[in-house]
Amino acid sequence: MIRLEKRPQPSQAWTLATPVLAVGATMIAGGILFAVLGADPLVAIRTIFWDPLFNPQFAGFTRPQLLVKAAPLILIAIGLSIGFRAGVWNIGAEGQYIMGAVCGAAAGLALYPSESVLVFPLMILAGALGGWAWAMIPAVLKVRFGTNEILVSLMLVYVAENVLASVSSGLLRNPEGRGFPGSRNFRNWEAAHNAELIPGTGMHWGVVAAFIAVILAYVLMARHIQGFNIRLTGEAPRAARFAGVSPARIVLVCLGTAGLLAGLAGLFEVTGPAGQISIDFNSGYGFTAIIVAFLGRLHPVGILLAGLLMALTYIGGELAQLMLGLPGASIQLFQGMLLFFLLAMDVFTNYRLRLGRAEVA
Amino acid sequence: MMDLSSISPILLIASIMVSATPILLAAIGEMVVEKSGVLNLGVEGMMITGAVVGFALAVNTGSAVTGFAAAACASAALALVFGVLTQVTLSNQVATGLGLTLAGLGLSALIGKPYEGMKSPTLPKLDIPVLGDLPVLGRMLFAHDAMVYLSLLLVLAVWAFLKFTRAGLILRAVGESHHSAHALGYKVVVVRLCAIVFGGACAGLGGAYLSLVRVPQWTEGMTAGAGWIALAIVVFASWRAGRVLIGAYLFGGVTVLQLNLQAAGAGVPVALLSASPYVVTIIVLVVISARGVHGAPASLGRPFHASR
């Protein structure tokens, strides 16, 4: 008879080991999945995890993509992780990401065709504000009325998607685009283009912002009293209340930060890799970032690594689609499985397995 | 110019019943799950899996009934994964539910790819003698397919089960205080697993109703938040079966009305109309929470570990 015994403290070793084991287990399960789909599992795993980085033929093209795809994931996941630590479940990052992109792009396009150096900083500001404002809706409703932030933030994703559809074929449509939906292309407008900073690396301003966010989040969570309050609220809400931590303030700060970072991610995406506001510029990063946050153990450094790994599965997935004809959706399932395995293995972090019958006291 | 006369009240009510059915099925299942003290945020993932599996099986076997049965089984299996993770390996319910939704969306897109644009057999409208021949009410209420009535029966059955049966009482006890229920000798984990599997089967039926009757076609991501709205309806209903019915039909009403307004060319932006079901859900949630959420099971979302 196997039974579980709660550890007094979560195991440090298992906290670090579970993500690695989960990735391993997902590779095995993914291999079976790919075999069912008619691909050689070993080739498929190699195409996804090895070729984008080291294949001499196309690694030169795919390697820079790693930073491009990881940056928004890391930015969003950092914001989400702060909230998750406090028990604030913002799962509408996708909506905040869209609204950041829409607001930032709108602010920029209002100034078209100015070549002032201030255009891009202004867009960044507007993008961050847009994401922040969208996240403030569930935050204020939660604080004022106690409305469930999970459901509200998620509903707002669908509202944001409708806003995006509306502006990309209306308000922000390229007047010179012959009536096609989609805004002006920011790549053709230097003042607003989030260009590659070092050619051939994929490094753009969003990547810089992601690294800064990782460092700031680390300082906040490990060294700052607010970070301590956030962790305390998540782990012992009553104790936090007695210590004078205002739960309302934690909600506002957590959702606000997450919205701000998601908004930034959206702005950097739309002015750089995506290039323009269009109905489907968002690639579901807001949802994948949830997996990134958990895989990174809600820790900034972990999220950095998890973001890079998840970016790799995106790139490798595209490669596998191209080379082996694996359906794109199989990567989505692969990412979902990863979260499942991680959550399942977390039992070892918090519990000890004991063999044998319980003794009667 | 808007032409409201093109909206016929008889057809309107009839289509509200059809459009409310998938959400009603998912919501009544989720209510039972939450009554047992478990918060499963994976309804969306289970619904879309039900939608694709039901559609695929119906196309391949030529029978919509087989499709529904397969959908219920597939989503129940998915729910069981959630159940084992949260009840046996004690993972976080919110995170696992989200994972279920993400995995379900991926799985459904993968299975559904070959079925895009296909036609499937659908459920026939029932021919109810006498009632179906009533002048106005006949076409409004008594000319639907079997699933519409099954969903209504299910609400009635859940209500009676929770209110009058011993098993229902145990389920509620587990949801209110799992430690007390455990001390009384009830198997908390088993009861919860049963509730979770039931909830999954219901969500699967709801999803299959979307792809086999309501739309009826398979498109990627076709549930479009219906599972999340079902979750919101459970909160709206204060965990009562009768109010789940009201909530689902209200929501169905909003959906049908906005579609009708779009078709009638109302002078309202299309984006606003398409977003209205979600906005209405938010407003309803706010109104409910402003009055204070009542009736939530006391152990909702809390992990249970029988320590000694």
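Residues numbered from 1 in each chain as written. Chains lettered and ligands numbered in written order. Predicted model: local features only at pLDDT ≥ 70, side-chain atom pairs only at ≥ 80, totals over all residues. Heavy atoms only, no water.

(A) Up close: the overall build of chain B. The secondary structure content of chain B amounts to 12 helices and 0 strands. In chain B, which comprises 308 residues, the share counted as buried stands at 55%. Relative to all contacts within chain B whose residues are 6 or more apart in sequence, the contacts with residues 24 or more apart total 77%. Total accessible area on chain B stands at roughly 12300 Å², and carbon and sulfur atoms take up 70% of it. Seen as two clouds, the 16 positive and the 10 negative side-chain charges of chain B have centres 14 Å apart. (Helix = DSSP H or I, 4+ residues; strand = E, 2+ residues; numbered from the N terminus. Buried < 20%, exposed > 50% of the residue type's maximum accessible area, 1.4 Å probe, protein only. Contact = heavy atoms within 4.5 Å. Areas by Shrake-Rupley, 256 points an atom, 1.4 Å probe, with all protein chains shown as cover. Lys, Arg positive; Asp, Glu negative; His and termini not counted. Charge placed at Lys NZ, Arg CZ, Asp CG, Glu CD.)

(B) Focus on the overall build of chain A. Of regular secondary structure, chain A possesses 15 helices and 2 strands. Taken over C-alpha atoms, the radius of gyration comes to 22 Å for chain A, in line with the 21 Å a tight globule of 361 residues would show. Counting only C-alpha atoms, chain A reaches 80 × 55 × 35 Å along its principal axes. Across the 361 residues in chain A, those meeting the buried criterion constitute 54%. The long-range fraction of contacts in chain A, counting pairs at least 24 apart against all pairs at least 6 apart in sequence, stands at 77%. Summed over all atoms, the accessible surface of chain A reaches about 15900 Å², with 65% contributed by carbon and sulfur. Across chain A, 22 positive and 16 negative side-chain charges occur, with their mean positions spaced 12 Å apart. (Rg over C-alpha atoms; globule rule 2.2 N^0.38 Å.)

(C) Spatial organisation of the nonpolar core. Core analysis: the largest hydrophobic core is formed by 191 residues, its most contacted members being A:Leu75, A:Ile76, A:Phe294, B:Phe68 and B:Trp228. Considering each element in turn, this core owes the most residues, 14 residues, to helix 1 (residues 9–35) of chain B. Beyond its immediate stretch of four places on either side in the chain, A:Ile76 contacts A:Ala93, A:Tyr97, A:Ala262, A:Ala265, A:Tyr285, A:Gly286 and A:Ala289. (Core = buried A, V, L, I, M, F, W, Y, C linked by side-chain atoms within 4.5 Å.)

(D) Here's a closer look at empty space enclosed by the protein. All names here are of chain A. Here the structure, examined in full by the defined rule, presents 3 cavities of 30 Å³ or more. Considering only enclosed or pocket space, the largest cavity measures out at about 40 Å³ in volume. Every element with two or more residues in the lining of the largest cavity is listed here: helix 4 (59–86), helix 8 (205–223) and helix 13 (300–324). Counting residues per element, the lining of the largest cavity draws most heavily on helix 4, at 4 residues. In terms of residue class, the lining of the largest cavity is built from 9 nonpolar, no polar and no charged. (1 Å grid on protein atoms, 1.4 Å probe; cavity = no way out; pocket = protein on both sides within 12 Å on 5 of 7 lines; lining within 4 Å. Points joined across faces, edges and corners; volume = space filled by probe spheres on them. Nonpolar A, V, L, I, M, F, W, Y, C, P; charged D, E, K, R; others polar.)

(E) Geometry of helix 9 (residues 188–214) of chain B. When the terminal C-alpha atoms of helix 9 of chain B are compared, their 37 Å separation across 27 residues agrees well with the 39 Å that a helix rising 1.5 Å per residue should span. Of all 27 residues that make up helix 9 of chain B, 20 are buried, and the element is covered over most of its length. (Expected span 1.5 Å × (residues − 1).)

(F) Structural view of the packing of aromatic side chains. All names here are of chain A. Applying the stated criterion across every chain, the model contains 15 aromatic pairs over all chains. Measuring from centroid to centroid gives 5.6 Å for Tyr285 and Tyr314, while their planes differ by 85°, and the two rings are edge-to-face. Of the two residues, Tyr285 is situated in helix 12 (residues 285–295) and Tyr314 in helix 13; the sequence distance between them amounts to 29 residues. Judged by relative accessible area, which is 15%, Tyr314 ranks as buried. Over the ring of Tyr112 we find Arg184; its NZ or CZ atom is 3.7 Å from the centre of that ring. (Phe/Tyr/Trp six-rings, centres within 6.5 Å; stacked < 30°, edge-to-face > 60°. Lys NZ or Arg CZ within 6 Å of the ring centre and 35° of its normal.)

(G) Region of the structure containing unusual backbone geometry. Residue and element names in this part refer to chain A. For the bond from Tyr112 to Pro113, the omega torsion is 0°, close enough to zero to count as cis. Here Pro113 lies in the loop between helix 5 (93–110) and helix 6 (119–145). Phi at Arg297 takes a positive value of approximately 60°, unusual for a residue other than glycine. Mapped onto the elements of the fold, Arg297 is located in the loop between helix 12 and helix 13.

(H) View of the pattern of salt bridges. Per the counting criterion, the structure on display carries 8 salt bridges over all chains. Two residues, A:Lys69 and A:Glu318, come together in a salt bridge whose shortest N-O distance is 3.8 Å. Taken together, the residues A:Lys69 in helix 4 and A:Glu318 in helix 13 connect sequence positions 249 residues apart. Within this structure, B:Lys113, B:Glu116 and B:Glu220 form a network of salt bridges that share partners. (Salt bridge = Lys/Arg side-chain N within 4 Å of Asp/Glu carboxyl O.)

(I) Broad picture of the UniProt feature "transmembrane region" (unreviewed entry) in chain A. Per the UniProt entry, the sites bearing "transmembrane region" (unreviewed entry) are residues 20–50, 70–88, 118–141, 150–172, 203–221, 242–268 and 329–348 of chain A in this numbering. Counting secondary structure, residues 20–50 of chain A comes out at 84% helix and 0% strand; the distance between its end C-alpha atoms is 16 Å. (UniProt positions renumbered as here; feature names shortened; annotations may be inferred.)

(J) Summary view of the interface of chain A and chain B. Taken residue by residue, the interface counts 38 residues in chain A and 42 residues in chain B. In this assembly, chain A packs against chain B so that about 3400 Å² is buried in total across both faces, 82% of it on carbon and sulfur atoms. Of all residues in chain A, the largest losses of buried area upon contact with chain B belong to A:Leu151, A:Met155 and A:Phe340, amounting jointly to 20% of the total for that side. Counting across the interface, chain A meets chain B through 2 residue pairs in polar contact (both at pLDDT 80 or more). Those elements that provide at least two residues to the side of chain A that touches chain B are strand 1 (2–6), helix 6, helix 7 (149–168), helix 12 and helix 14 (329–345) of chain A. If you tally residues by element for the side of chain A that touches chain B, the top one is helix 7 of chain A, at 10 residues. Looking at the side of chain A that touches chain B residue by residue, the classes come out as 29 nonpolar, 7 polar and 2 charged. (Buried area = accessible area lost by both parts, 1.4 Å probe. Polar contact = N/O pair within 3.5 Å; in protein donor to acceptor, adjacent residues only side chain to side chain.)

(K) Spotlight on helix 6 of chain A. All names here are of chain A. The end-to-end C-alpha separation of helix 6 is 38 Å, in line with the 39 Å expected for 27 residues at 1.5 Å each. Of all the bends in helix 6, the greatest reaches close to 30° and is centred on Met136; the proline Pro138 follows between one and four positions later. In the stretch just after helix 6, Gly146 is the one whose phi turns positive, near 75°. (Bend = angle between axes of the 7 residues up to and from the residue.)

(L) Just the side chain of B:Ser108, in detail. Residue and element names in this part refer to chain B. Locating Ser108 in the fold gives a position in helix 4 (residues 93–112). Of the residues examined, Ser108 reaches a relative accessible area of 1% and is grouped as buried. In this view, Ser108 contacts Ile48, Thr49, Val52 and Trp218; residues no more than four positions away in its chain are not counted.

(M) Broad picture of the environment of A:Gly182. All names here are of chain A. With respect to the secondary-structure elements, Gly182 resides in the loop between helix 7 and helix 8. A relative accessible area of 2% places Gly182 in the buried class. Measuring from C-alpha to C-alpha, the distance between Gly182 and Leu125 comes to 22 Å, with 57 residues separating the pair along the chain. Sequence-distant contacts of Gly182, that is, excluding residues within four places in its chain, are made with Ser168, Leu172, Arg173, Asn174, Gln276, Ile277 and Ser278.

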